[in-house]
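Structural characterization, general
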Amino acid sequence: MNIQQFRYGADNLAYVIYGNKEAVAVDPGAVNDILSFVRDRGLSLEYVVNTHTHPDHTTGNQKLMDKTGAEYIEPKQLAQNQGLPLEGETIKVYATPGHTRDSVVFHFNGALVTGDTLFVGKAGKCMTGDFNALLESLKFLMSFPEDTVIYPGHDYVEEYMDTAKTVEPDNPAINDFLKKYFPDHVVSTLADEYQMNPTLRFNRPELIEKLKERGLSVETELDRFRSVMWIV
Ligand SMILES: [Fe+2]
């Protein structure tokens, strides 16, 4: 299975996960680009799915279904099914509540499509107010191998690298990552995130020191995560 990323709107990212014959569209706002892509490769679009149901992620659903006959499966159902079949293989789907209650991630071949749960450079906003759920979801993502590739729901890289610098001005990994940033293919690895994303660095002594300097709470893991999320 392969994956192709498409930009749409100001900074949204859509995906097509595909094999030799079949494809799945994820958060498919880039409708025309996705239609061209599947047509050029002779792919049959089987499913339209979302990482969560915020309107900027669902905006292409209906048009793409109308044009292709693809079936829609909502995120909660995908998580209950624990996956999505594609050409005899399974794209694994996991519930990752926190940004929204219905957030999910898609996992296959060492890739994670993370929607608004994890961006390149920062965790997603905790719009449910349940920081514990968001932290547990991020810790679940952090249980994957370090070379796992992150495909986020938006490109906020430049903004979030600036934010990271406000938290850890002397962290060289931030500029190192910016040198690798390529707007036509917005990805990172978990290893990159552990180096430059302050919201995943809640157990790093350097980060804890910065939180202490600001007089923020650092006692428990949840305290540290809330503290760093409060800054960014
Ligand atoms: Fe969202």
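All of the points below concern the structure found in this document.

Here is what the cut-offs are and how they apply
Residues numbered from 1 in each chain as written. Predicted model: local features only at pLDDT ≥ 70, side-chain atom pairs only at ≥ 80, totals over all residues. Pairing = 2+ DSSP bridges. Helix = DSSP H or I, 4+ residues; strand = E, 2+ residues; numbered from the N terminus. Buried ≥ 20, exposed ≤ 12 C-beta atoms within 10 Å, placed from the backbone. Axes fitted to C-alpha atoms, helices over the stretch in contact; angles between N-to-C directions. Parallel < 35°, antiparallel > 145°, perpendicular 65-115°, else oblique. Left-handed = near helix turned anticlockwise from the far one by under 90°. Contact = placed C-beta atoms within 7 Å. Nonpolar A, V, L, I, M, F, W, Y, C, P; charged D, E, K, R; others polar.

Pairing is mixed in the open sheet, where six strands are placed in the order β6-β7-β8-β9-β12-β13. Of all strands in the sheet, those bounded by a partner on one side alone are β6 (83-86) and β13 (188-189). Sheet analysis places strand β7 (residues 89-95) next to strand β8 (residues 104-108), joined by four bridges and oriented antiparallel. Along β8, the bridge assignment pairs Tyr94 with Val105.

Below, the discussion takes up the pairing of β8. By the criterion of burial, β8 is predominantly enclosed, with four of the five residues buried. Note that β8 and strand β9 (residues 111-115) share three bridges and pair antiparallel. Bridge assignment links Phe106 to a residue of β9, and that residue is Val113. Connecting β8 to the antiparallel partner β9 that follows it, the hairpin turn spans two residues, and Asn109 within it adopts a positive phi of roughly 40°.

A few words on the packing of helix α9 (residues 205-213) against helix α10 (residues 221-231). At a minimum axis separation of 11 Å, α9 and α10 run at an interaxial angle of 65°. The angle between α9 and α10 places the two elements in the roughly perpendicular class. Seen from above, α9 lies across α10 with left-handed handedness. Here α9 contributes Leu207, Ile208 and Leu211 to the contact with α10, which in turn contributes Arg224, Ser227 and Val228. Within the contact of α9 with α10, the residues separate by chemical class into four nonpolar, one polar and one charged.

Note on placement: Ala70 falls in the loop between α3 (61-68) and β5 (71-72). In this structure Ala70 touches Ala25, Leu45, Glu46, Tyr47, Val48, Leu64 and Met65, once residues within four positions along its chain are discounted.

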